[in-house]
Amino acid sequence: IYAAELFYRQVLGFDLDYRYSSRNTPGLRTVFLSKGETCIELLTNSQVPGVPGKSRPPGWGLISLEVGDVDAAWEEFRNKAAASGYSTEGWKAARNTGDGFREALILDPEGTIIELGRRIRPFLPEPIRAVIFDFDGILINSIPNYFLAMQRFLARRGIIFSEADNQEFIGQGNHEIIGTLKKRHGLSGDVEVLIAEKDAIYLELAKQSPGPFLHMHEFLDMVRQAGLPLALASGSSAKVMDSLLPVLGLEDCFKVRVSSESVPAGKPAPDVFLAASNQLGIPAINCLVVEDSAAGVEAAVRAGMRCLAVPSFPGPDLAAGFQLADHLVADGMTAFSARAAMDWLPPLLSQ
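Since the model is a prediction, treat every value here as computed from it, not as a measurement.

J.: Any chance you could explain the environment of Leu33 here in plain terms?
T.: Note that Leu33 resides in strand E2 (residues 29-35). With 18 residues separating them along the chain, Leu33 and Asp15 place their C-alpha atoms 5.4 Å apart. Apart from the residues lying within four places of it in its own chain, the contact partners of Leu33 are Glu5, Tyr8, Arg9, Phe14, Asp15, Leu16, Asp17, Thr38, Cys39, Ile40 and Leu42.

Next up, the structure:
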């Protein structure tokens, strides 16, 4: 659903109305987009009923129709289908949905779902009950030191590493970065050993000049004062986070810390954020992610979380994925204001 939303917004010019994750049907998520008077709903169909033995056309599984009286329309269509000899197996009578619709489902002979709906109350977004911070590029200006560390790591092997090369990997986890470089340059040695070598170079640099983002630390303090649980979820290794948090004065802020090394896949996969949500004991839909990379924004959206994005590399060529952030500080950290971020956040806070 991430790729579909990005297409409709980037190519067709639709704007986000809201995203919704069902509590009663795990895995069912929708995105509502609008352009002028046109409204579309993108829906994941992993948990939606189908017709046994029938497959849906790829990429086209649901048509949504607005009707005045959902119950009456469903009853009318069911009677007509029965009278015409069509099966009504899998049809679902009207119900009220969690995002404020009266809704019924019917199925055509090929298994395509036809949704009959009418809004019955305004959409009420789920409250934010926890905040998950990225580490690099958000709490610490690590990109310059990581770049130098990677340069030195690869220089030992006679490989030149440029600024353009560095930007390719922003937001990715250690295993993804080193795995790619290992294949690209034929690096010898175990990935874990290579990561440890690179991290040792980085920590030596970072401890000398950690480069905290003070306005983001101010925002962190405001979030703590609001009583929200916190988590750290990063592509960095656990050793790097544990070593630098005391240097930054943040050692006691994050009881939950998740490294991409501890999950099946790093960003843009959602694994690291979902793991943090599970450890916090708070549903993904109630979590806000603070990120600096397009890969991180994608991971947050794929996890079903809201996202505050502050790009590490702002500018006219900002990656398209940043469009999916719920709140984007397009000019980056130099334009970030803790007060402005909190002014945006309170309407979403858990009451």
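J.: Whenever I open this one, the confidence of the model for the protein chain confuses me. Can you help?
T.: Any region with low pLDDT has predicted coordinates that should not be read closely. For the protein chain, the mean per-residue pLDDT works out to 88, and 95% of the residues sit at or above 70. The model gives residues 47-59 a pLDDT under 50, and that stretch makes 28 contacts with residues more than four places away or in other chains.

J.: Sorry if this is basic, but what is going on with the side chain of Glu115 here?
T.: Examined against the element boundaries, Glu115 turns out to sit in strand E7 (residues 113-119). No salt bridge is formed by the buried Glu115; the nearest opposite charge belongs to Arg95, separated by 6.9 Å. In terms of polar contacts, Glu115 uses its side chain to reach the side chain of Ser64, at 2.9 Å. Every residue in contact with Glu115, bar those within four places of it in the chain, is listed here: Glu41, Leu62, Ile63, Ser64, Leu65, Glu103, Ala104 and Leu105.

J.: Is there a simple way to explain unusual backbone geometry in this structure?
T.: In terms of backbone geometry, most residues other than glycine have negative phi values and most peptide bonds are trans. For the bond running from Lys267 to Pro268, omega is 15°, close enough to zero to count as cis. Note that Pro268 resides in the loop between strand E10 (256-259) and helix H9 (271-280).

J.: Sorry, what's going on with the sheet that holds E2 here?
T.: Hydrogen bonds along the backbone pair up the strands of a sheet, which may run parallel or antiparallel. The strand order across the open sheet built from three strands is E1-E2-E3, with neighbouring strands paired in antiparallel fashion. Two strands lie at the open edges of the sheet, namely strand E1 (15-21) and strand E3 (38-43), each paired on one side alone. When strand polarity is set aside, the average angle formed by the axes of neighbouring strands in this sheet is 15°.

J.: Honestly, the pattern of salt bridges in this entry has me stumped. Any pointers?
T.: Any two side chains of opposite charge can pair if their charged atoms end up close together. Per the counting criterion, the structure on display carries 16 salt bridges. When the shortest N-O distance is used, the salt bridge between Lys267 and Glu291 registers 2.5 Å. With Lys267 in the loop between E10 and H9 and Glu291 in strand E11 (residues 287-291), this residue pair connects regions lying 24 residues apart in the sequence. Glu291 gets classed as buried once you look at its relative accessible area, which sits at 0%. Each of Glu5, Arg9, Arg19 and Asp326 takes part in salt bridges that share partners, so that together they form one network.

J.: When you look at the packing of helix H5 (residues 174-185) against helix H6 (residues 191-208) in this model, what are you seeing that I'm missing?
T.: When two helices pack together, their arrangement is given by the angle between their axes and by how far apart the axes lie. At a minimum axis separation of 10 Å, H5 and H6 run at an interaxial angle of 110°. When the interaxial angle is binned, H5 and H6 end up roughly perpendicular. Contact with H5, carried on its side by Asn174, His175, Ile178 and Lys182, involves Val191, Glu192, Leu194, Ile195, Lys198 and Asp199 of H6 and no other residues of that element. Considering only residue class, the contact of H5 with H6 consists of four nonpolar, two polar and four charged.

J.: Please explain the pairing of E11 as it appears in this structure.
T.: Side-chain direction in a regular strand flips from residue to residue, so the side chains alternate between the two faces of the sheet. Within E11, five of the five residues are buried, which leaves it mostly tucked inside the rest of the structure. Residues Cys287, Val289 and Glu291 line one face of E11 and the alternating positions Leu288 and Val290 line the opposite face, and both faces are buried. Pairing between strand E8 (residues 130-133) and E11: four bridges, direction parallel. Across the sheet, residue Phe133 finds its bridge partner in E11, namely Val290. For E11 and strand E12 (residues 306-309), the ladder comprises four bridges, and the chain directions are parallel. Of the residues in E12, the one forming a bridge with Val290 is Leu308.

J.: Please clarify how the state of the cysteines should be interpreted in this entry.
T.: By definition, a disulfide links the sulfur atoms of two cysteines through a covalent bond. Taken as a whole, this structure holds zero disulfides when the rule is applied. For Cys307, which is in no disulfide, the shortest distance to another cysteine sulfur is to Cys287 and amounts to 12 Å. Exposure remark for Cys307: the relative accessible area of 0% places this residue in the buried category.

Rules used in this analysis
- Residues numbered from 1 in each chain as written.
- Predicted model: local features only at pLDDT ≥ 70, side-chain atom pairs only at ≥ 80, totals over all residues.
- Heavy atoms only, no water.
- Helix = DSSP H or I, 4+ residues; strand = E, 2+ residues; numbered from the N terminus.
- Contact = heavy atoms within 4.5 Å.
- pLDDT = per-residue confidence, 0-100.
- Buried < 20%, exposed > 50% of the residue type's maximum accessible area, 1.4 Å probe, protein only.
- Lys, Arg positive; Asp, Glu negative; His and termini not counted.
- Salt bridge = Lys/Arg side-chain N within 4 Å of Asp/Glu carboxyl O.
- Polar contact = N/O pair within 3.5 Å; in protein donor to acceptor, adjacent residues only side chain to side chain.
- Pairing = 2+ DSSP bridges.
- Axes fitted to C-alpha atoms, helices over the stretch in contact; angles between N-to-C directions.
- Parallel < 35°, antiparallel > 145°, perpendicular 65-115°, else oblique.
- Nonpolar A, V, L, I, M, F, W, Y, C, P; charged D, E, K, R; others polar.
- Disulfide = S-S within 2.5 Å.

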